Amino acid sequence: MKPSKIVVPTLFEWAGGMPAFEHLFDEFYNKVLIDPLLEPVFKHMPPEHRQHVAHFVAEVLGGPKLYSEEGGSHFKMISKHLSRHLTQEHRKRWMELLLETADELTLPDDPEFRSAFLAYLEWGTRIAVINSHQDIANEPEDIPMPKWGWGVPGGPYIP
Ligand code: HEM
(Lines give C-alpha, C1' and ligand atoms only; values in the text may rest on other atoms or scores of the structure.)
Protein backbone atom coordinates (compact mmCIF):
# COMPACT_ATOMS: atom_id res chain seq x y z
CA MET A 1 0.00 0.00 0.00
CA LYS A 2 1.31 3.46 -0.91
CA PRO A 3 1.83 5.82 2.03
CA SER A 4 -0.69 8.65 1.85
CA LYS A 5 0.84 12.07 1.27
CA ILE A 6 -0.09 14.53 4.01
CA VAL A 7 -0.50 18.07 2.71
CA VAL A 8 0.04 20.56 5.53
CA PRO A 9 -2.22 23.61 5.11
CA THR A 10 -0.75 27.08 5.43
CA LEU A 11 -1.59 29.06 8.57
CA PHE A 12 -3.72 31.23 6.27
CA GLU A 13 -5.73 28.24 5.03
CA TRP A 14 -6.08 26.72 8.50
CA ALA A 15 -7.39 30.03 9.88
CA GLY A 16 -10.22 30.05 7.33
CA GLY A 17 -8.83 32.01 4.38
CA MET A 18 -9.33 35.68 3.53
CA PRO A 19 -12.90 36.05 4.90
CA ALA A 20 -11.56 35.00 8.32
CA PHE A 21 -8.79 37.62 8.26
CA GLU A 22 -11.01 40.42 6.96
CA HIS A 23 -13.65 39.63 9.60
CA LEU A 24 -11.02 39.40 12.34
CA PHE A 25 -9.50 42.81 11.61
CA ASP A 26 -12.87 44.45 11.00
CA GLU A 27 -14.13 43.42 14.45
CA PHE A 28 -10.74 44.15 16.01
CA TYR A 29 -10.63 47.76 14.79
CA ASN A 30 -14.23 48.26 15.93
CA LYS A 31 -12.91 47.47 19.43
CA VAL A 32 -9.81 49.64 18.94
CA LEU A 33 -11.94 52.68 18.12
CA ILE A 34 -13.78 52.48 21.43
CA ASP A 35 -10.72 51.65 23.51
CA PRO A 36 -9.52 54.63 25.59
CA LEU A 37 -5.82 53.76 25.14
CA LEU A 38 -5.82 52.88 21.44
CA GLU A 39 -8.47 55.22 20.04
CA PRO A 40 -6.14 58.26 20.06
CA VAL A 41 -3.50 56.22 18.16
CA PHE A 42 -5.87 55.07 15.43
CA LYS A 43 -8.48 57.82 15.20
CA HIS A 44 -7.05 59.16 11.91
CA MET A 45 -6.66 55.81 10.18
CA PRO A 46 -8.23 55.72 6.71
CA PRO A 47 -11.25 53.42 6.19
CA GLU A 48 -9.16 50.97 4.14
CA HIS A 49 -6.62 50.51 7.01
CA ARG A 50 -8.36 47.46 8.46
CA GLN A 51 -8.45 45.69 5.10
CA HIS A 52 -4.79 46.52 4.39
CA VAL A 53 -3.71 45.03 7.72
CA ALA A 54 -5.87 41.93 7.10
CA HIS A 55 -4.25 41.46 3.69
CA PHE A 56 -0.78 42.07 5.12
CA VAL A 57 -1.14 39.47 7.87
CA ALA A 58 -2.83 37.00 5.51
CA GLU A 59 0.10 37.30 3.08
CA VAL A 60 2.66 36.76 5.85
CA LEU A 61 0.81 33.62 6.96
CA GLY A 62 0.91 32.07 3.49
CA GLY A 63 -2.10 33.68 1.81
CA PRO A 64 -2.31 35.42 -1.58
CA LYS A 65 -0.01 38.39 -2.18
CA LEU A 66 -2.82 40.94 -2.11
CA TYR A 67 -0.99 43.47 0.08
CA SER A 68 2.05 43.41 -2.22
CA GLU A 69 -0.09 43.56 -5.36
CA GLU A 70 -2.01 46.53 -3.94
CA GLY A 71 1.31 48.45 -3.87
CA GLY A 72 2.32 47.56 -0.33
CA SER A 73 5.57 46.06 0.91
CA HIS A 74 7.20 45.24 4.22
CA PHE A 75 9.15 48.49 3.93
CA LYS A 76 5.91 50.46 3.47
CA MET A 77 4.37 48.75 6.50
CA ILE A 78 7.47 49.60 8.56
CA SER A 79 7.28 53.22 7.34
CA LYS A 80 3.69 53.54 8.55
CA HIS A 81 4.88 53.04 12.15
CA LEU A 82 7.79 55.50 12.11
CA SER A 83 7.70 58.36 14.66
CA ARG A 84 4.43 57.19 16.21
CA HIS A 85 6.02 56.68 19.64
CA LEU A 86 4.06 53.56 20.52
CA THR A 87 4.49 52.18 24.03
CA GLN A 88 4.45 48.65 25.43
CA GLU A 89 1.05 49.52 26.91
CA HIS A 90 -0.28 50.26 23.40
CA ARG A 91 1.23 47.04 22.13
CA LYS A 92 -0.15 44.91 24.95
CA ARG A 93 -3.66 46.32 24.51
CA TRP A 94 -3.40 45.73 20.74
CA MET A 95 -2.50 42.08 21.43
CA GLU A 96 -5.20 41.69 24.06
CA LEU A 97 -7.95 43.00 21.79
CA LEU A 98 -6.80 41.00 18.78
CA LEU A 99 -6.62 37.71 20.69
CA GLU A 100 -9.97 38.44 22.34
CA THR A 101 -11.48 38.99 18.88
CA ALA A 102 -9.88 35.78 17.57
CA ASP A 103 -11.59 33.86 20.39
CA GLU A 104 -14.96 35.53 19.79
CA LEU A 105 -14.84 34.75 16.07
CA THR A 106 -13.76 31.19 16.82
CA LEU A 107 -10.54 31.19 14.85
CA PRO A 108 -8.99 27.72 15.22
CA ASP A 109 -7.82 27.33 18.79
CA ASP A 110 -5.65 24.26 18.51
CA PRO A 111 -2.35 24.71 20.35
CA GLU A 112 -0.36 24.41 17.12
CA PHE A 113 -2.19 27.20 15.29
CA ARG A 114 -2.37 29.53 18.26
CA SER A 115 1.31 29.17 19.12
CA ALA A 116 2.36 30.03 15.54
CA PHE A 117 -0.17 32.89 15.27
CA LEU A 118 0.88 34.32 18.63
CA ALA A 119 4.57 34.06 17.73
CA TYR A 120 4.03 36.14 14.62
CA LEU A 121 1.93 38.73 16.47
CA GLU A 122 4.52 39.05 19.22
CA TRP A 123 7.26 39.55 16.63
CA GLY A 124 5.23 41.96 14.50
CA THR A 125 3.97 44.13 17.35
CA ARG A 126 7.40 44.38 18.99
CA ILE A 127 8.90 45.43 15.65
CA ALA A 128 6.12 48.01 15.24
CA VAL A 129 7.01 49.51 18.65
CA ILE A 130 10.76 49.58 17.85
CA ASN A 131 10.14 51.24 14.47
CA SER A 132 7.77 53.75 16.03
CA HIS A 133 10.71 55.22 18.00
CA GLN A 134 12.70 55.85 14.82
CA ASP A 135 12.18 58.61 12.29
CA ILE A 136 13.83 56.77 9.40
CA ALA A 137 13.55 53.07 8.53
CA ASN A 138 16.80 51.11 9.02
CA GLU A 139 15.77 48.36 6.59
CA PRO A 140 16.35 48.42 2.81
CA GLU A 141 13.36 49.35 0.66
CA ASP A 142 13.34 45.92 -0.97
CA ILE A 143 13.21 43.97 2.31
CA PRO A 144 11.03 40.91 1.54
CA MET A 145 7.67 40.27 3.18
CA PRO A 146 8.10 37.97 6.19
CA LYS A 147 6.85 34.40 5.71
CA TRP A 148 5.54 32.71 8.82
CA GLY A 149 5.00 28.97 9.11
CA TRP A 150 4.01 26.41 11.72
CA GLY A 151 7.41 26.33 13.44
CA VAL A 152 8.30 23.37 15.66
CA PRO A 153 4.82 21.71 15.75
CA GLY A 154 5.00 21.48 11.95
CA GLY A 155 1.27 21.58 11.31
CA PRO A 156 -2.18 21.82 12.88
CA TYR A 157 -3.48 19.62 15.66
CA ILE A 158 -5.19 16.60 14.10
CA PRO A 159 -6.91 14.43 16.73
C1 HEM B 1 1.74 42.29 13.78
C2 HEM B 1 1.59 43.57 14.12
C3 HEM B 1 1.24 44.67 13.16
C4 HEM B 1 1.03 44.65 11.81
C5 HEM B 1 1.10 43.45 10.87
C6 HEM B 1 0.73 45.98 11.39
C7 HEM B 1 0.45 46.34 10.08
C8 HEM B 1 0.22 47.62 9.65
C9 HEM B 1 0.02 48.00 8.28
C10 HEM B 1 0.01 47.03 7.10
C11 HEM B 1 -0.18 49.33 8.25
C12 HEM B 1 -0.44 50.17 7.00
C13 HEM B 1 -1.91 50.15 6.67
C14 HEM B 1 -2.22 50.87 5.37
O15 HEM B 1 -1.44 50.77 4.41
O16 HEM B 1 -3.30 51.51 5.29
C17 HEM B 1 -0.10 49.81 9.62
C18 HEM B 1 -0.27 51.11 10.02
C19 HEM B 1 -0.37 51.51 11.33
N20 HEM B 1 -0.17 50.73 12.45
FE21 HEM B 1 0.34 48.81 12.47
N22 HEM B 1 0.74 46.81 12.48
C23 HEM B 1 1.05 46.04 13.57
C24 HEM B 1 1.14 46.49 14.88
C25 HEM B 1 0.77 47.73 15.31
C26 HEM B 1 0.66 48.13 16.70
C27 HEM B 1 0.97 47.23 17.90
C28 HEM B 1 0.23 49.42 16.70
C29 HEM B 1 -0.09 50.32 17.83
C30 HEM B 1 -0.53 49.87 19.01
C31 HEM B 1 0.11 49.84 15.32
C32 HEM B 1 -0.25 51.10 14.88
C33 HEM B 1 -0.36 51.49 13.56
C34 HEM B 1 -0.73 52.83 13.15
C35 HEM B 1 -1.05 54.00 14.09
C36 HEM B 1 -0.73 52.85 11.76
C37 HEM B 1 -1.05 54.02 10.84
C38 HEM B 1 -2.58 54.18 10.77
C39 HEM B 1 -2.94 55.38 9.91
O40 HEM B 1 -2.70 55.35 8.68
O41 HEM B 1 -3.47 56.36 10.49
N42 HEM B 1 0.44 48.79 14.50
N43 HEM B 1 0.12 48.73 10.44
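Up top you'll find the structure we're talking about.
Computed from a prediction, not measured in an experiment: that's the story for all the values here.

Calculation rules
- Residues numbered from 1 in each chain as written.
- Predicted model: local features only at pLDDT ≥ 70, side-chain atom pairs only at ≥ 80, totals over all residues.
- Heavy atoms only, no water.
- Salt bridge = Lys/Arg side-chain N within 4 Å of Asp/Glu carboxyl O.
- Helix = DSSP H or I, 4+ residues; strand = E, 2+ residues; numbered from the N terminus.
- Expected span 1.5 Å × (residues − 1).
- Buried < 20%, exposed > 50% of the residue type's maximum accessible area, 1.4 Å probe, protein only.
- Contact = heavy atoms within 4.5 Å.

S.K.: Outline the pattern of salt bridges, supporting the account with residue identities and numerical values.
M.R.: Under the definition given, this model contains eight salt bridges. In this structure, Lys-31 and Glu-104 form a salt bridge, with 3.1 Å as the shortest nitrogen-oxygen distance. Here Glu-104 lies in helix α7 (residues 88-104) and Lys-31 lies in helix α2 (residues 17-32), a separation of 73 residues in the sequence. A salt bridge links Arg-114 to Asp-103; the nearest nitrogen and oxygen atoms lie 2.9 Å apart. Of this pair, Arg-114 sits in helix α8 (residues 111-132) while Asp-103 sits in helix α7, and the two are 11 residues apart along the sequence. Each of Lys-31, Glu-100 and Glu-104 takes part in salt bridges that share partners, so that together they form one network.

S.K.: Give a description of helix α4 (residues 49-60) that names residues and reports values.
M.R.: The terminal C-alpha atoms of α4, which comprises 12 residues, lie 17 Å apart, in line with the 16 Å expected from a rise of 1.5 Å per residue. Where burial is concerned, most of α4 is hidden: nine out of the 12 residues are buried. When α4 is considered as a whole, its buried residues turn out to be Arg-50, Val-53, Ala-54, His-55, Phe-56, Val-57, Ala-58, Glu-59 and Val-60. Where α4 is buried, its residues touch α1 (11-15), α2, α5 (66-69), α6 (74-81) and α8. Positive backbone phi, at 100°, marks Gly-62, one or two positions downstream of α4.

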